[in-house]
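Each chain, letter by letter, is given below.
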Amino acid sequence: MSEIKKIVTAYSGGLDTSCMIPWLSEAYGGAEIYGFTGDLGQGEDLSGIREKAIRTGAVDCVVEDLQDEFVEDYILPAVHASAVYEGMYPLHTALGRPLLAKKLVETARKFGATAVAHGCTGKGNDQVRFEVAIRALAPDLEIIAPLRTWDLLTREMEVEYALERKIPIPITKAKPYSIDQNLWGCAIECGEMEDLWTEPPADAWRMTKDPSHAPRGSIEMVLGFEQGTPVSIDGRTMSPTALIKELNQVAGGFGVGRIDMVENRVVGLKSREVYEAPGASLIHMAHTELERICLDRATFNYKNKMSQDFANVIYDGVWFSPLREAMQAFLEETQRTVTGEVRIRVSAGLARITGRRSPYSLYDMGLATYSEGDTFDRTTAEGFMALYGLPYKTIAEVRRKAGQPLFVKRRPQSS
Ligand code: ARG
């Protein structure tokens, strides 16, 4: 192993990654430390962050606005794919990691660093996502995960470590939560919520208002889509990034998009996760509704099965993989006709679909109606049933001849 002289580290300005800058330098014989901070729409002011990293001991820190790239290359494919992990989690953190990993690698190349570091803990999914992505993009780079090896085991120890080195640390009071927020949502973990029976405390939420304090009444919004991409609100065309932000505001204001779940982590354990995803919830809901009218039955159902697998690929940290690329190609293909509008009524804590329309709608009023103007040919139904039911008729005849019961009422009990 060649000596490491330059290290690029993921830097958020929080306590962990602040301690990492001096720690890395000390642990690697005075190596030069460079930071990378990406703006994924976490809603924090990043204007002073480069200077802060430098005051903490970094040689330099690259700060980049990644919001549009995040939306274009990661969020939109997840929307098209209807990727929601275990039926609930819209994957905001899992989608952000491969992009950050890619940028860490780019930054390492820029400064000629031979190692990259991240501030993920040893029992989460994020270490998996970072490290698998970095290996996939830059197999030559060393990966350092100080939180898995250093002995700063508590927050207090980290604070003391930082004070000793006179490095700037966040002045916020010790928050009991571990939070990861971006444009697509927010995850809140730890604190009282580790007890599965405890309701998430009121101060845990950041993107959504308490539904019981939401405005009275309801509003209606029309979301427009083009080939699966959300492009307009109430006829106002905007970039998907701006659209997501606006929906976060509006739906968040009504307390829509709170998710409380227990999920299965890649590293084998179950964890309580509380999420907020106001915009993502509305977009997924409306998008799926549009697919209900624009996709034929077989494609819709087949796609839904693949959605689950695609969500697992994202969750499991294998974004940069042939499987993800191949699945994405299929999923994108299904979106060709997913164009149209969906009307949603939003009220306290709730969003309901109230209408949908599309130039590619496969819904045929003439075929569906029970009123005047019915074009469905009833006479063809009879032959359909005769053939569709033929195997079951045959089974019945065979069983009767053999003196077997026609069907078993319940499974025989094992002894
Ligand atoms: N459980 C989610 C995931 O694995 C969210 C993780 C959020 N990270 C955090 N540091 N709070 O994708």
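A quick note: this is a predicted structure, and the numbers were derived from the prediction, not measured. Along every chain, residues carry numbers that run from 1 in the direction the sequence is written. pLDDT decides what is reported in this predicted model: residues at 70 or higher carry local features, side-chain atom pairs at 80 or more are listed and counted, and totals for whole chains, interfaces and linings draw on all residues regardless. Side-chain numbers here rest on the full set of heavy atoms in the structure, without hydrogens or water.

Draft legend 1. Molecular detail of the overall build of the protein chain. If you tally the helices and strands in the protein chain, you get 14 helices and 14 strands. When the backbone C-alpha atoms are referred to their principal axes, the protein chain occupies close to 85 × 60 × 40 Å. Throughout this description, buried means an accessible area under 20% of the type-specific maximum (1.4 Å probe, protein chains only), exposed means over 50%, and partly exposed covers the range between. Looking at the protein chain as a whole, 47% of its 415 residues qualify as buried. The contact criterion used is simple: two residues touch if any of their non-hydrogen atoms lie within 4.5 Å. Contacts spanning at least 24 positions in sequence make up 73% of the contacts within the protein chain whose residues lie at least 6 apart. When the accessible surface of the protein chain is totalled, it reaches about 21,900 Å², and 53% of it is carbon and sulfur. Numbering goes from the N terminus for both helices and strands, where a helix is a DSSP run of H or I of at least four residues and a strand is a run of E of at least two. All accessible areas in this document rest on Shrake-Rupley with a 1.4 Å probe, and a residue is counted as covered only by the protein chains that are shown.

Draft legend 2. Spotlight on the site of the ligand. A molecule or strand has a residue near it when one of that residue's heavy atoms lies within 4 Å. Not every one of the 13 residues close to the ligand is listed here, only the nearest: Tyr89, Asn125, Arg129, Glu189 and Glu263. One of the side-chain nitrogen or oxygen atoms of Tyr89 is found 2.6 Å away from an oxygen atom of the ligand. Contact between the ligand and Glu263: a nitrogen atom at 2.7 Å from a side-chain N or O atom of the residue. Burial of the ligand by the surrounding chains reaches 90%, relative to a free accessible area of 350 Å². Of all the secondary-structure elements, those providing two or more residues to the shell around the ligand are α5 (126-137), β6 (178-182), β7 (185-189) and β12 (270-276). Counted as a polar contact is a pair of N or O atoms within 3.5 Å, where, for protein atoms, one must be capable of donating a hydrogen and the other of accepting one, and residues adjacent in sequence contribute only when both atoms are in side chains.

Draft legend 3. Broad picture of the environment of Ala10. You can see Ala10 is positioned in strand β1 (residues 6-10). By relative accessible area, Ala10 is classed as buried at 16%. Between the C-alpha atom of Ala10 and that of Pro391, which follows or precedes it by 381 residues, the distance is 61 Å. Residues in contact with Ala10, not counting those within four places in the same chain, are Thr17, Met20, Phe36, Leu104, Ala117 and His118.

Draft legend 4. Expanded view of the pattern of salt bridges. What counts as a salt bridge is simple: a side-chain nitrogen of Lys or Arg found within 4 Å of a carboxyl oxygen of Asp or Glu. Inspection of the entire model under this criterion finds 25 salt bridges. Of the charged contacts, one joins Lys103 and Glu64 as a salt bridge, the two residues approaching to 3.3 Å between their closest N and O atoms. Here Lys103, found in helix α4 (residues 92-111), pairs with Glu64, found in strand β3 (residues 60-65); they are 39 residues apart in sequence, far enough to count as distant. Look at Lys103 and you get buried, because its relative accessible area is 6%. With relative accessibility at 28%, the residue Glu64 sits in the partly exposed group. Three or more residues are tied together by salt bridges with common partners; here these are Glu64, Glu69, Lys102, Lys103 and Glu106.

Draft legend 5. Looking closely at the sheet that holds strand β5 (residues 142-144). Here, a strand pair is defined by DSSP locating no fewer than two bridges between the strands. An order of β3-β2-β1-β4-β5 is seen for the 5 strands of this open sheet, with the pairing classed as parallel. At either margin of the open sheet sits one strand with a lone partner, and together these are β3 and β5. Sheet twist, expressed as the mean angle between neighbouring strand axes with direction ignored, is 25 degrees. In terms of strand pairing, β1 meets strand β4 (residues 115-117) through 3 bridges, oriented parallel. Axes here refer to lines fitted to C-alpha atoms; in helices the fit is confined to the stretch in contact. Angles between the N-to-C directions go from 0 to 180 degrees.

Draft legend 6. Inspection of the environment of Arg400 at higher detail. Relative to the helices and strands, Arg400 is located in helix α14 (residues 390-401). Accessibility expressed as a relative area gives 60% for Arg400, which makes it exposed. Along the sequence, Arg400 and Leu141 sit 259 residues apart, while their C-alpha atoms lie 70 Å from each other.

Draft legend 7. Local environment of the nonpolar core. By nonpolar core we mean a set of buried residues, namely Ala, Val, Leu, Ile, Met, Phe, Trp, Tyr and Cys, connected to one another through side-chain atoms within 4.5 Å. Counting 77 residues, the largest nonpolar core has Leu91, Leu95, Leu282, Ile283 and Ile314 as its most contacted members. Among the elements that make up this core, the one with the highest residue count is α4 (9 residues). Apart from residues lying up to four places away in sequence, Leu91 is in contact with Ala83, Val84, Tyr85, Ala311, Ile314 and Tyr315. By size, the runner-up hydrophobic cluster in this structure holds 25 residues, among which are Ala53, Ala58, Trp150 and Tyr161.

Draft legend 8. Fine view of the state of the cysteines. Any two cysteine sulfur atoms lying within 2.5 Å of each other are counted as a disulfide. Applying the stated criterion to the full structure yields 0 disulfides. The thiol of Cys190 is unpaired, and the distance to the nearest cysteine sulfur, on Cys186, comes to 13 Å.

Draft legend 9. Up close: the sheet that holds strand β14 (residues 350-357). The strand order across the open sheet formed by 5 strands is β10-β9-β8-β13-β14, and the pairing between neighbours is antiparallel. Of all the strands in the sheet, the pair left with one neighbour each is β10 (236-237) and β14. By the bridge criterion, 8 bridges tie strand β8 (residues 218-226) to strand β13 (residues 340-347) in an arrangement that is antiparallel. Bridge pairing in β13 places Ser218 opposite Ser347. Against the sheet, helix α8 (residues 240-253) engages β8, β9 (229-233) and β10, with an angle of about 65 degrees to β9.

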